[in-house]
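What follows is each chain in one-letter form.
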Amino acid sequence: MVGYDPEAKCVSTAEAAAAGSASGLVTRVLVSPLDVIKIRFQLQIEQLSPRNPGAKYHGILQAVQRIFQEEGLVAFWKGHVPAQFLSIGYGAVQFMAFESLTKLVHNVTSYNARDSFVHFVCGGLAACTATVAVQPVDTLRTRFAAQGEPKIYHNLRYAVVTMYQTEGPRTFYRGLTPTIIAIFPYAGLQFSFYNILQQFSEWVIPAEGKKGGNVKNLVCGSCAGIISKTLTYPFDLFKKRLQVGGFEHARAAFGQVRMYRGLLDCIRQIMREEGPGGFFKGLSPSLLKAAVSTGLVFFWYELFCSLLCALKNTDSTTRKEG
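Residues numbered from 1 in each chain as written. Predicted model: local features only at pLDDT ≥ 70, side-chain atom pairs only at ≥ 80, totals over all residues. Heavy atoms only, no water.

## Quick look at the overall build of the protein chain
Then, in step 1: The helix and strand tally for the protein chain stands at 9 helices and 0 strands.
Then, in step 2: Compactness check: the protein chain gives a C-alpha radius of gyration of 21 Å against a globular reference of 20 Å for 322 residues, within 12% of the reference.
Then, in step 3: Expressed along its principal axes, the backbone C-alpha trace of the protein chain runs to roughly 70 × 40 × 40 Å.
Then, in step 4: In the protein chain, 79% of the contacts between residues at least 6 apart in sequence involve partners at least 24 apart. (Helix = DSSP H or I, 4+ residues; strand = E, 2+ residues; numbered from the N terminus. Rg over C-alpha atoms; globule rule 2.2 N^0.38 Å. Contact = heavy atoms within 4.5 Å.)

## With respect to the environment of Ile 45
Then, in step 1: Relative to the assigned elements, Ile 45 resides in the loop between α1 (13-43) and α2 (60-71).
Then, in step 2: The spacing of Ile 45 and Lys 56 is 11 residues in sequence and 9.9 Å in space, taken between C-alpha atoms.
Then, in step 3: Aside from chain neighbours lying at most four places away, what touches Ile 45 is Arg 241, Gln 256, Val 257, Arg 258, Tyr 260, Glu 273, Glu 274 and Lys 281.

## Side note on the packing of aromatic side chains
Then, in step 1: For the structure on display, the rule yields 14 aromatic pairs.
Then, in step 2: Seen from their ring centres, Phe 98 and Phe 191 are 4.1 Å apart, and the 25° between their planes marks the pair as stacked. Of this pair, Phe 98 sits in helix α3 (residues 80-108) while Phe 191 sits in helix α6 (residues 176-204), placing them 93 residues apart in sequence. Residue Phe 98 shares its accessibility class with Phe 191, and that shared class is buried.
Then, in step 3: Taken together, Phe 95, Phe 98, Phe 191, Tyr 194, Phe 298 and Tyr 301 form an aromatic cluster joined through their ring pairs.
Then, in step 4: Above the face of the Tyr 186 ring, Lys 229 is positioned so that its terminal group lies 4.6 Å from the ring centre. (Phe/Tyr/Trp six-rings, centres within 6.5 Å; stacked < 30°, edge-to-face > 60°. Buried < 20%, exposed > 50% of the residue type's maximum accessible area, 1.4 Å probe, protein only. Lys NZ or Arg CZ within 6 Å of the ring centre and 35° of its normal.)

## Observations regarding the nonpolar core
Then, in step 1: Membership of the largest hydrophobic core comes to 17 residues, with the highest contact counts inside it found for Val 2, Phe 95, Phe 98, Phe 191, Tyr 194, Phe 298 and Tyr 301.
Then, in step 2: When contributions to this core are tallied by element, the ones reaching two or more residues are α1, α3, α4 (116-146), α6, α7 (213-243) and α9 (283-321).
Then, in step 3: Top contributing element to this core by residue count: α3, with 4 residues.
Then, in step 4: Not counting chain neighbours up to four residues away, the residues in contact with Phe 298 comprise Val 2, Phe 95, Gln 190, Phe 191, Tyr 194, Asn 217 and Gly 221.
Then, in step 5: Core analysis: the second largest hydrophobic core is formed by 11 residues, Val 134, Tyr 186, Ala 187 and Ala 290 among them. (Core = buried A, V, L, I, M, F, W, Y, C linked by side-chain atoms within 4.5 Å.)

## Notes on the side chain of Thr 27
Then, in step 1: Tracing the sequence through the fold places Thr 27 in helix α1.
Then, in step 2: Residue classification places Thr 27 among the buried residues on the basis of a relative accessible area of 4%.
Then, in step 3: A distance of 2.8 Å separates the side chain of Thr 27 from the backbone oxygen of Ser 23, its partner in a polar contact. (Polar contact = N/O pair within 3.5 Å; in protein donor to acceptor, adjacent residues only side chain to side chain.)

## So, the packing of α3 against α6
Then, in step 1: Close contact between α3 and α6 brings their axes to 13 Å; oriented N to C, the two are set at 65°. Between α3 and α6, the angle is such that the two are roughly perpendicular. The chirality of how α3 crosses α6 is right-handed. For the pair α3 and α6, contact is made by Tyr 90, Gln 94, Phe 95 and Phe 98 and by Ile 183, Ala 187 and Phe 191, respectively.
Then, in step 2: The residue inventory of the contact of α3 with α6, partitioned by class, reads 6 nonpolar, 1 polar and no charged. (Axes fitted to C-alpha atoms, helices over the stretch in contact; angles between N-to-C directions. Parallel < 35°, antiparallel > 145°, perpendicular 65-115°, else oblique. Left-handed = near helix turned anticlockwise from the far one by under 90°. Nonpolar A, V, L, I, M, F, W, Y, C, P; charged D, E, K, R; others polar.)

## Details of the UniProt feature "repeat: Solcar" (unreviewed entry) in the protein chain
Then, in step 1: Summarizing the sequence annotation, UniProt attributes the feature "repeat: Solcar" (unreviewed entry) to residues 11-104, 114-200 and 212-307 in the numbering used throughout.
Then, in step 2: With 72% helix and 0% strand, the stretch residues 11-104 has end C-alpha atoms that lie 15 Å from each other. (UniProt positions renumbered as here; feature names shortened; annotations may be inferred.)

## A look at helix α5 (residues 156-167)
Then, in step 1: Counted at 1.5 Å a residue, the expected span for α5 with its 12 residues is 16 Å, and the 16 Å between its end C-alpha atoms agrees.
Then, in step 2: Along α5, the positions that sit buried rather than exposed are Ala 159, Thr 162 and Met 163. All buried residues of α5 fall inside an arc of 95° around its axis, so they share one side. Opposite the buried face of α5, at more than 90 degrees from it, the exposed residues are Arg 157, Tyr 164 and Gln 165.
Then, in step 3: Among the residues of α5, the N-terminal cap falls to Asn 155, whose side-chain oxygen and the backbone nitrogen of Arg 157 are separated by 3.3 Å. (Expected span 1.5 Å × (residues − 1). Arc of directions from axis to C-beta.)

## Here's the deal with empty space enclosed by the protein
Then, in step 1: Tallied over the entire structure, the rule returns 3 cavities of 30 Å³ or more.
Then, in step 2: In this structure, the largest cavity spans a volume of roughly 760 Å³.
Then, in step 3: Contributing to the lining of the largest cavity are 39 residues, with Arg 28, Tyr 90, Ile 183, Tyr 186 and Lys 289 lying nearest its centre.
Then, in step 4: Mapped onto the lining of the largest cavity, the elements with two or more residues apiece are α1, α3, α4, α6, α7 and α9.
Then, in step 5: Among the residues forming the lining of the largest cavity, the class breakdown is 15 nonpolar, 15 polar and 9 charged. (1 Å grid on protein atoms, 1.4 Å probe; cavity = no way out; pocket = protein on both sides within 12 Å on 5 of 7 lines; lining within 4 Å. Points joined across faces, edges and corners; volume = space filled by probe spheres on them.)

And the structure:
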């Protein structure tokens, strides 16, 4: 049901947006702790190793324990309000754009809207559209998740006003360049691999064994998330490092901080000081998050679309009977 299907004209563009928003909302609540840990790892200059005495975080379990001890349970949902705005807005724009683009391809070209290459291109373009729309909220989410105690930003309104007054409007789009560079192949690979895995599962699983469709959607989405995240991960790290530029004073409690003049300077400094492994800091929680979040996003999206179709069919049947 992901993408336009001429044989199953069930979900409208507005309904795709609604299903995408609901999917993003539910998924965000469940994966927020993994996101906080991933961001903390990405922003740490010191090597993620227990052999490094200057490193605040060494691994996932150690980070969970330390964050819980120092900041409490609610720390795993730091920045959750802007993160929810991000997920709801991103989900709505991405799936609405994806459905529209695949329908456009079907109507004006000779390509099959269900083709994996079409899903790659349309998925990438849809994600770029959604990214530009929600980038300011993503920057706010990153800063809330990154700050230590005592907090610099106490609420969303204070953060917006302070950042605008002290750093200007462009600060809300910090890290946009690596984000756009990374998001096209990342989202494109997500949609295309999800499509490929769905087709593969239909070929492998016999017709009488296809009752577990929801589980299949979850597994296909998780695998697609792992593959796409691994291939595009360094750009996500660059984005996070750039987004906290001008925010170094709030990160003093976490260890060393660095200032970057742009994307290329960020790459050079990481390579020089942290080595090639620095480009993959936080990969473990990121892959775990990608598997869970991508699987859940597609799972909930397909489920909500199915519910909307069922409601429409019920209404149509009721009208005919009436």
